[in-house]
Amino acid sequence: DRDVTGVQTCALPISFQKIVDAKCPGCTVKYLNLTLPQIANGQTGSAIVAAVRADSSVHYLAFDDGAWADGITSELAAAGVLNQVKIMGEAPDQDEMAQTRAGKEAAWAGWYPQEAVMEAYDAMFRNLEGMPVSQADLTMPTQLITKSTIGRSDTWTYPANALQQYEALWKK
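None of the values given here were measured: they were computed from a predicted structure.

Colleague: Residues and numbers for the packing of helix 6 (residues 113–128) against helix 7 (residues 162–170), please.
Modeller: Following both chains from N to C, one finds helix 6 and helix 7 inclined at 10°, their axes separated by 10 Å at the closest point. Classified by the angle their axes make, helix 6 and helix 7 are roughly parallel. Mapping the contact onto sequence places Glu115, Met118, Glu119, Asp122, Phe125 and Arg126 in helix 6 and Ala162, Leu163, Tyr166, Leu169 and Trp170 in helix 7. Its residues placed into classes, the contact of helix 6 with helix 7 shows seven nonpolar, no polar and four charged.

As structure tokens, this is what we get:
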């Protein structure tokens with residue numbers, strides 16, 4: 001059995017739970033629900049460290065937004081439990097990109113917020129024009145970012161020319 005502790009802030013845990021259930025039937029997923037005062041007072045890291053220390057069966061930490069993981073490798077290392085877990089998630093920010101490049105965080109799925117906004121506007125414009133909007137049109141590109149795939153960028157902004165692609169599409 002392997003435990004995955006995730007910091008839950010949106011719908012990602014629902015799909016994450018389904019994937020874990022399908023791919024690892026013997027695994028369990030636990031969620032660390034944080035209060036707004038904990039988050040506002042910078043207590044996210046200490047709450048995660050406490051959860052890892054309290055349960056030695058936790059081997060993975062999954063975050064639905066890279067910002068929630070900022071500084072976590074340092075806090076886990078200071079507590080002596082960094083080697084107990086692998087850190088992963090979605091939407092890495094500069095800190096997670098640096099930690100992944102250094103081999104301290106295992107994997108991140110790239111997510112480009114600006115592309116998500118462009119995609120939403122594209123769907124809205126299509127709808128307003130009476131054009132069909134298929135589920136295939138609402139699939140953002142992503143990449144599994146690991147130490148071996150990260151490259152040199154400090155952010156994940158792909159496709160780099162997303163705006164130009166949408167502008168060309170909208171001019172038609």
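Colleague: Describe the environment of Leu32, and please don't skip the residues or the numbers.
Modeller: Here Leu32 shows up in strand 2 (residues 28–32). Accessibility expressed as a relative area gives 16% for Leu32, which makes it buried. In this structure the C-alpha to C-alpha distance between Leu32 and Ala51, which are 19 residues apart in sequence, comes to 7.9 Å.

Colleague: Describe in detail the state of the cysteines, supporting the description with residues and values.
Modeller: Here the structure, examined in full by the defined rule, presents one disulfide. Note on cysteine connectivity: Cys24 is disulfide-linked to Cys27, with sulfurs 1.8 Å apart. The sign of the S-S torsion, about 45°, decides the handedness of the disulfide formed by Cys24 and Cys27: right-handed. Given a relative accessible area of 16%, Cys27 falls into the buried group.

Colleague: Tell me about the packing of aromatic side chains, residues and numbers included.
Modeller: Under the definition given, this model contains two aromatic pairs. When the centroid spacing of 6.4 Å and the interplanar angle of 25° are considered together, the rings of Phe63 and Trp108 count as stacked. In this pair, Phe63 sits in strand 3 (residues 58–63) while Trp108 sits in strand 5 (residues 107–109), placing the two residues 45 residues apart along the sequence. Taken as a pair, Phe63 and Trp108 share a single burial class, namely buried. Relative to Phe125, the ring of Tyr121 lies with its centre 5.9 Å away and its plane at 40°, an arrangement referred to as tilted. Of the two residues, Tyr121 and Phe125 are both situated in helix 6; the distance of four residues between them amounts to about one turn of the helix. Assessed through its relative accessible area of 43%, Tyr121 is described here as partly exposed. Residue classification places Phe125 among the partly exposed residues on the basis of a relative accessible area of 37%.

Colleague: So, a nonpolar patch on the surface: which residues are in play, and what are the values?
Modeller: A grouping of Val117, Tyr121, Met124, Phe125, Leu128, Leu163, Leu169 and Trp170 is seen on the molecular surface, where their side chains present a nonpolar patch of about 740 Å² in accessible area. Those elements that place two or more of their residues in the nonpolar patch are helix 6 and helix 7.

Colleague: Which residues make up the nonpolar core, and what values do they have?
Modeller: Val52, Leu61, Phe63, Leu76 and Ile87 are the most contacted members of the largest nonpolar core, which has 26 residues in total. Breaking this core down by element, the ones donating at least two residues are helix 3 (44–54), strand 3, helix 4 (72–78) and helix 7. Looking at this core, the element that brings in the most residues is helix 3, giving four residues.

Colleague: For the pattern of salt bridges, give the residues involved together with the corresponding values.
Modeller: Evaluated as defined, the whole model comprises two salt bridges. The closest approach of N and O atoms between Lys30 and Asp55, which form a salt bridge, is 2.2 Å. Taken together, the residues span a long stretch of sequence, with Lys30 in strand 2 and Asp55 in the loop between helix 3 and strand 3 at a distance of 25 residues. When the shortest N-O distance is used, the salt bridge between Arg126 and Asp122 registers 2.9 Å. Taken together, the residues Arg126 and Asp122, both in helix 6 and four residues apart, mark about one turn of the helix.

Scoring rules and cut-offs
- Residues numbered from 1 in each chain as written.
- Predicted model: local features only at pLDDT ≥ 70, side-chain atom pairs only at ≥ 80, totals over all residues.
- Heavy atoms only, no water.
- Axes fitted to C-alpha atoms, helices over the stretch in contact; angles between N-to-C directions.
- Helix = DSSP H or I, 4+ residues; strand = E, 2+ residues; numbered from the N terminus.
- Parallel < 35°, antiparallel > 145°, perpendicular 65-115°, else oblique.
- Contact = heavy atoms within 4.5 Å.
- Nonpolar A, V, L, I, M, F, W, Y, C, P; charged D, E, K, R; others polar.
- Buried < 20%, exposed > 50% of the residue type's maximum accessible area, 1.4 Å probe, protein only.
- Disulfide = S-S within 2.5 Å.
- Phe/Tyr/Trp six-rings, centres within 6.5 Å; stacked < 30°, edge-to-face > 60°.
- Patch = residues over 30% accessible without salt bridge, like charges linked within 9 Å, V, L, I, M, F, W, Y side chains within 5 Å.
- Areas by Shrake-Rupley, 256 points an atom, 1.4 Å probe, with all protein chains shown as cover.
- Salt bridge = Lys/Arg side-chain N within 4 Å of Asp/Glu carboxyl O.
- Core = buried A, V, L, I, M, F, W, Y, C linked by side-chain atoms within 4.5 Å.

Structural measurements only, silent on function.
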